[in-house]
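Analysis of the macromolecular model
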Amino acid sequence: MNNNFRRFLRKMLCCPECHSSKLKFNTHKIICLSCRSKYRFINDVPILVDTTSKKILQKELFSTSGYVMVKEYIEPKKHIPVPDLTFNIFDRKKLHKLFTHNENEDYVVLNVGGGPKREEKNVLNLNIGPFPNVDVVADAHNLPFRSDSLDSIMMAAVLEHVQNPQKVVEEAFRVLKKGGFIYAETPFLQHFHGYPDHYQNFTLIGHNFLFRKFTKIETGPTTGPFSTILILISNFFDDFIEHKYMRKILLILTCSFLYPFKYLDIFFKKNLNSYKLTTGVYFFGVK
Ligand SMILES: C[S@@+](CC[C@H](N)C(=O)[O-])C[C@H]1O[C@@H](n2cnc3c(N)ncnc32)[C@H](O)[C@@H]1O
Ligand SMILES: [Zn+2]
């Protein structure tokens, strides 16, 4: 873990059990001076999960799909070489820049459900699993951060995997500073996928409703209808063709033939109906 993240955690963390900020940091442990809870480190990563979350999450992590996730994250699957079928109809790069770039060297963005990818060097990953590039192990339903403390929070493809998405968004609202940014991207028309479990997807309206306490800056669909249909077709092969090699061949052939059609989504960038047939939706706002 870099020194910037270490300083950030010492300043911002609180006890997930009692929310006290009176923490004592030892080399191997964090001790809450209010409720005496002790939290250990695994390879320099603090495990800040409260007792209730631990019970629920352990069950999830050790469910079948949880195992798949752990396996995939720890030994990434060899990807089948198929062209990408996604064409984004919004400027994700521009949006990401707005909440990740800052003159201040200490500026850190919390990525809830983040890792194993590191989005930017100042993006700190929080996850329920101690995967590669995860900096804090904690439950999104009970963030181990002080209220009104963080500058910026992002969550990508996470709200569909949590049991209580409204609670997760409320936690983000609690820990964000006034004026802090929130960015979330969540599936709408996507097939069932685990990690560790898949509870719900969101329409644009439902997603905006989750974030109603924030002031909206920009929201919308992530892809147009062509990408959505193409991705669902490829999901069909992934989910229903049992034979491994047959599945690979069909995926390579169909994706190679279909992917040029995704560019037709260029014409749906400004279409007011795009939110009706999109793979996902996003919300960018401020507290
Ligand atoms: C589909 S993956 C997305 C990973 C990453 N955000 C990305 O965009 O590549 C969903 C992630 O959410 C994490 N997650 C699920 N439930 C969580 C919870 N209650 N608290 C923290 N992370 C959670 C999972 O462990 C998993 O890594
Ligand atoms: Zn405590």
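Parameters at a glance
- Residues numbered from 1 in each chain as written.
- Chains lettered and ligands numbered in written order.
- Predicted model: local features only at pLDDT ≥ 70, side-chain atom pairs only at ≥ 80, totals over all residues.
- Heavy atoms only, no water.
- Helix = DSSP H or I, 4+ residues; strand = E, 2+ residues; numbered from the N terminus.
- Rg over C-alpha atoms; globule rule 2.2 N^0.38 Å.
- Buried < 20%, exposed > 50% of the residue type's maximum accessible area, 1.4 Å probe, protein only.
- Contact = heavy atoms within 4.5 Å.
- Areas by Shrake-Rupley, 256 points an atom, 1.4 Å probe, with all protein chains shown as cover.
- Lys, Arg positive; Asp, Glu negative; His and termini not counted.
- Charge placed at Lys NZ, Arg CZ, Asp CG, Glu CD.
- Core = buried A, V, L, I, M, F, W, Y, C linked by side-chain atoms within 4.5 Å.
- Phe/Tyr/Trp six-rings, centres within 6.5 Å; stacked < 30°, edge-to-face > 60°.
- Near = heavy atom within 4 Å.
- Polar contact = N/O pair within 3.5 Å; in protein donor to acceptor, adjacent residues only side chain to side chain.
- Nonpolar A, V, L, I, M, F, W, Y, C, P; charged D, E, K, R; others polar.
- Donors = N, O, S within 2.8 Å, 3.2 Å for Na, K, Ca; no water.
- Tetrahedral: all angles 85-135°; square planar, octahedral: opposite > 155°, others 65-115°.

Some remarks on the overall build of the protein
Helix and strand counts for the protein stand at eight helices and eleven strands. Taken over the C-alpha trace, the protein has a radius of gyration of 20 Å; the compact-globule value for 287 residues is 19 Å, and the two agree within 12%. Of all 287 residues assigned to the protein, the portion counted as buried reaches 49%. For the protein, contacts bridging at least 24 residues in sequence account for 70% of all contacts bridging at least 6. Accessible area of the protein: about 15300 Å², with a carbon and sulfur share of 58%. Each charge class in the protein was averaged separately, 39 positive and 27 negative side chains, and the resulting centres sit 4 Å apart.

Notes on the nonpolar core
Counting residues in hydrophobic clusters, the biggest one holds 41 residues, and the most contacted among them are Phe145, Ile153 and Met155. For this core, the secondary-structure elements that each account for two or more residues are helix H1 (3–12), strand S1 (23–25), strand S2 (29–32), strand S5 (109–112), strand S6 (123–127), strand S8 (150–156), helix H5 (165–175) and strand S9 (176–187). Ranked by residue count, the leading element in this core is H5, at five residues. Those residues within four positions of Met155 in sequence are excluded, and the remaining contacts are Asn111, Val112, Val168, Ala172, Ile182, Tyr183, Ala184 and Glu185. Counting ten residues, the second largest nonpolar core, distinct from the first, contains Phe90, Leu95, Phe99 and Tyr282.

Some points on the packing of aromatic side chains
This model, assessed by the stated rule, comprises 15 aromatic pairs. Measuring from ring centre to ring centre gives 4.8 Å for Phe211 and Phe283, while their planes differ by 15°; the resulting arrangement is stacked. Of this pair, Phe211 sits in the loop between helix H6 (204–210) and strand S10 (215–221) while Phe283 is found in strand S11 (residues 280–286), placing the two residues 72 residues apart along the sequence. Residue Phe283 is classed as buried on the basis of its relative accessible area of 2%. Ring geometry for Phe226 against Phe268: centres 6.0 Å apart, planes inclined by 55°, an arrangement best described as tilted.

Examining the site of ligand 1
Neighbouring residues of ligand 1: 18 residues in total, closest Gly113, Asn127, Asp139, Ala140 and Ala156. In the model, an oxygen atom of ligand 1 is placed 2.6 Å from a nitrogen or oxygen of the Asn127 side chain. A distance of 2.8 Å is found between a nitrogen atom of ligand 1 and a side-chain nitrogen or oxygen belonging to Asp139. The protein chains hide 90% of the 590 Å² of surface that ligand 1 would expose on its own. Grouping the amino acids of the shell around ligand 1 by side-chain chemistry returns twelve nonpolar, five polar and one charged.

Structural notes on the coordination of the zinc ion (ligand 2)
Within the first shell, the zinc ion (ligand 2) binds the protein through Cys15 (SG), Cys18 (SG), Cys32 (SG) and Cys35 (SG), at distances of 2.2 to 2.4 Å. Here the zinc ion (ligand 2) binds four donor atoms, and the angle range of 106 to 114° at the metal identifies the geometry as tetrahedral. Mapped onto the polypeptide sequence, the residues donating to the zinc ion (ligand 2) form the spacing pattern C-x2-C-x13-C-x2-C. With Cys15 in the loop between H1 and S1 and Cys32 in strand S2, this residue pair connects regions lying 17 residues apart in the sequence. Classification of Cys32 as buried rests on a relative accessible area of 0%.

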